[in-house]
Amino acid sequence: MNHLAHLFLAPDSPEARVGSVLGDFTRGVDLAALPYSVRLGVRHHLAVDSFTDKHPDVLASKRLFSAQRRRFSGVALDVLYDHFLLRHWDKFTDVDQHTFIHTVYTELQDNENLMSPAMSRTTRHMVHNDWFGSYRNLDNIGYALDRVAERIRFHNAFAGIIEEIRPLHSELEEHFLNFFPDLQSFAGGIE
């Protein structure tokens, strides 16, 4: 899962939501020194990722990608799933989407002291450029995935993966709609 889904699924506290994003930035972080609720968010993140990686609909989605890009299909799906979550938001919550996004942006800004330097830089960029708002548009998903491809330090075929996603969009969306309620149920039971 990508950042928006982790924030959406996290335990309901600002610190746990920060921890749910921190799960991607733990290198060099002394987790034991963080408040309990932040550590809970990190554990939640790891459990969500583990559940996601094993889910039949996620595995079926990965198999739809070409052999040359399958290695990166998980990364592509993480970002694409934020797009699908935004498209189908009302199926999963009564909370207003715009209010939620504004709230988590504020929480991330207000809790930089709990973040690693890498996470702080990323979240500043996330808020300033309204990543979550931009994820409503599939072209922006393509742009985001190409930016990820630029950061990969070895030769790869990840750039342009949106061109594989476009013809698969409906099928990938169907897999997401089958998978996400299972994930939401699982995430609500993590302690």
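Look above for the structure.
Residues numbered from 1 in each chain as written. Predicted model: local features only at pLDDT ≥ 70, side-chain atom pairs only at ≥ 80, totals over all residues. Heavy atoms only, no water.

### Side note on the overall build of the protein chain
What counts here: Starting at the N terminus, helices and strands are each numbered in turn, a helix being any DSSP run of H or I of at least four residues and a strand any DSSP run of E of at least two. Here the radius of gyration uses the C-alpha set of atoms, whereas the globule reference equals 2.2 Å times the residue count to the power 0.38. Relative accessibility under 20% of the residue-type maximum defines a buried residue, over 50% an exposed one, and the middle range a partly exposed one, all with a 1.4 Å probe and only protein chains included. Contacts were defined at the residue level, with two residues in contact if any of their heavy atoms lie within 4.5 Å.
Looking only at helices and strands, one finds 11 helices and 0 strands in the protein chain. Along the chain direction, N to C, the helices and strands of the protein chain fall in the order α-α-α-α-α-α-α-α-α-α-α. Against the 2.2 N^0.38 benchmark of 16 Å for 191 residues, the protein chain shows a C-alpha radius of gyration of 16 Å, consistent with a compact globule. If one aligns the C-alpha atoms of the protein chain with their principal axes, the spans along those axes are about 45 × 35 × 30 Å. Counting all 191 residues of the protein chain, 50% fall into the buried class. Within the protein chain, contacts between residues at least 6 apart in sequence are counted, and of these 68% link residues at least 24 apart.

### Some details on the layout of surface pockets
Basically, it comes down to this: Detection works on a 1 Å grid of protein atoms alone, calling trapped sets that fit a 1.4 Å probe cavities and calling open sets with protein on both sides within 12 Å along at least five of seven lines pockets, with lining residues defined by an atom within 4 Å of a point. Grid points are joined across faces, edges and corners, and a volume is the space filled by probe spheres set on the points. Under the scheme applied, nonpolar residues are Ala, Val, Leu, Ile, Met, Phe, Trp, Tyr, Cys and Pro; charged residues are Asp, Glu, Lys and Arg; polar residues are all the others, including Gly.
Size it by volume and the largest pocket reaches roughly 870 Å³. Only helix H5 (73–87), helix H8 (117–128), helix H9 (131–134) and helix H10 (138–151) provide two or more residues apiece to the lining of the largest pocket. For the lining of the largest pocket, a count of residues per class yields 9 nonpolar, 7 polar and 6 charged. By volume, the second largest pocket amounts to about 200 Å³. As for the second largest pocket, its lining consists of Leu7, Phe8, Ala10, Pro11, Asp12, Arg17, Thr93, Val95, Phe100 and Thr103. Looking at the lining of the second largest pocket, the elements with two or more residues in it are helix H1 (3–9) and helix H7 (97–110). For the lining of the second largest pocket, the class distribution of residues is 6 nonpolar, 2 polar and 2 charged.

### Observations regarding the packing of aromatic side chains
The description of an aromatic ring pair uses the distance of the two centres, along with the angle that the planes make with each other. Threshold: Think of it this way: a Phe, Tyr or Trp ring, Trp meaning its six-membered ring, pairs with another when their centres are within 6.5 Å, and the plane angle makes it stacked under 30 degrees, edge-to-face over 60, tilted otherwise.
For the coordinates displayed, the defined rule picks out 15 aromatic pairs. With centroids separated by 6.1 Å and ring planes inclined at 75°, the aromatic side chains of Phe8 and Phe100 adopt a geometry described as edge-to-face. One end of the pair, Phe8, is in helix H1; the other, Phe100, is in helix H7, and 92 residues separate them in sequence. A relative accessible area of 13% means that Phe100 is categorised as buried. Among the aromatic side chains, those forming a connected cluster through ring pairs are Phe8, Tyr81, Phe84, Trp89, Phe92, Phe100, Phe176, Phe179 and Phe180.

### Things to note about the environment of Asn2
Worth spelling out the cut-off: Pairing of N or O atoms within 3.5 Å defines a polar contact, subject to two protein rules: one partner must be a possible hydrogen donor and the other a possible acceptor, and residues neighboring in sequence count only if both atoms are side-chain atoms.
Within the secondary structure, Asn2 is located in the segment before H1. Placed 43 residues apart in sequence, Asn2 and His45 show a C-alpha to C-alpha distance of 9.9 Å. When sequence neighbours within four positions are dropped, the list of residues in contact with Asn2 reads Asp78, Val79, Asp82 and Tyr135. There is a polar contact of 3.2 Å between the side chain of Asn2 and the side chain of Asp82.

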